[in-house]
Every structure is written in C-alpha cells, then in structure tokens.
Amino acid sequence: MQQDVSRIRERLVGLVDEILVRYGNAPLHQLPMFSGLTRSDAYALGDLVDALDRLDRGTYGICINCGADIGRERLGENPAVSLCAECEDDDLWHPWGAH
C-alpha cells in the first residue's frame, strides 16, 4: 500500500508541476497573485492540492459526498477526482451547497 501511495503522490505532484511550469515555476502559494492564472488552471491546482490532502489524511479514493469507493479506473483517468461516478452524475450534488 505504501508503494501505491508514493506512486499516487508522484503522479499528483507531477501534474501540479506541469501547471507551475506554465507560470515560470512560481511557488504554489504565489500563484493566486498572478493575474494570468487561468480559471481552469486554478481549479486544476485546487483539485490536485485537495487530492494530496486526502492522500495525507487517508481518505484518497473515497467519495467526499457518499463515502463510496471511487475506483481505480476512475482515479486512473483523473487522479484528482473526489466524487464517485454516481455522485458526479447526481443532479443534487453541488460543491457550493444547495441553491
């Protein structure tokens, strides 16, 4: 299991690094100050940092909405995914709360 965690961490950090390179390898904590940070990069960085946090807390791969296993295949497609397929498809799920 420790080998899996190390491999996942390497992949997540590598994806963060791919984004940081586009901004001159600026430190992650300085990126919000860049007016050139695209919305998609900002969301991607947030998702990746959240995934690293879940990895550290031992909740990586568990849906943040229902607690179900997200599944290896789904995580392989997007290692930062935080919802199982059912919750992502659920029209009732809103990350910013009900509207």
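Residues numbered from 1 in each chain as written. Predicted model: local features only at pLDDT ≥ 70, side-chain atom pairs only at ≥ 80, totals over all residues. Heavy atoms only, no water.

## Let's talk about the nonpolar core
Stage number 1. Judged by nonpolar contacts, the single largest core of 22 residues is most densely connected at Leu12, Leu48, Leu55, Tyr60 and Cys63.
Stage number 2. Of all the secondary-structure elements, those providing two or more residues to this core are helix 1 (2–21) and helix 2 (39–57).
Stage number 3. Per-element accounting of this core gives the leading share, 6 residues, to helix 1. (Core = buried A, V, L, I, M, F, W, Y, C linked by side-chain atoms within 4.5 Å. Buried < 20%, exposed > 50% of the residue type's maximum accessible area, 1.4 Å probe, protein only. Helix = DSSP H or I, 4+ residues; strand = E, 2+ residues; numbered from the N terminus.)

## Overview of the pattern of salt bridges
Pairing of side chains with opposite charge becomes possible as their charged atoms draw close.
Stage number 1. Across all of its chains, the model carries 6 salt bridges by this definition.
Stage number 2. Residue Asp4 pairs with Arg72 through a salt bridge whose shortest N-O separation is 3.4 Å. Taken together, the residues Asp4 in helix 1 and Arg72 in helix 3 (residues 72–77) connect sequence positions 68 residues apart.
Stage number 3. Note on Asp4: relative accessible area 24%, which makes it partly exposed.
Stage number 4. With a closest N to O distance of 2.9 Å, Asp53 and Arg57 form a salt bridge. Of this pair, Asp53 and Arg57 both sit in helix 2, 4 residues apart, which is roughly one turn of that helix.
Stage number 5. Using a relative accessible area of 52% as the deciding quantity, one classes Arg57 as exposed. (Salt bridge = Lys/Arg side-chain N within 4 Å of Asp/Glu carboxyl O.)

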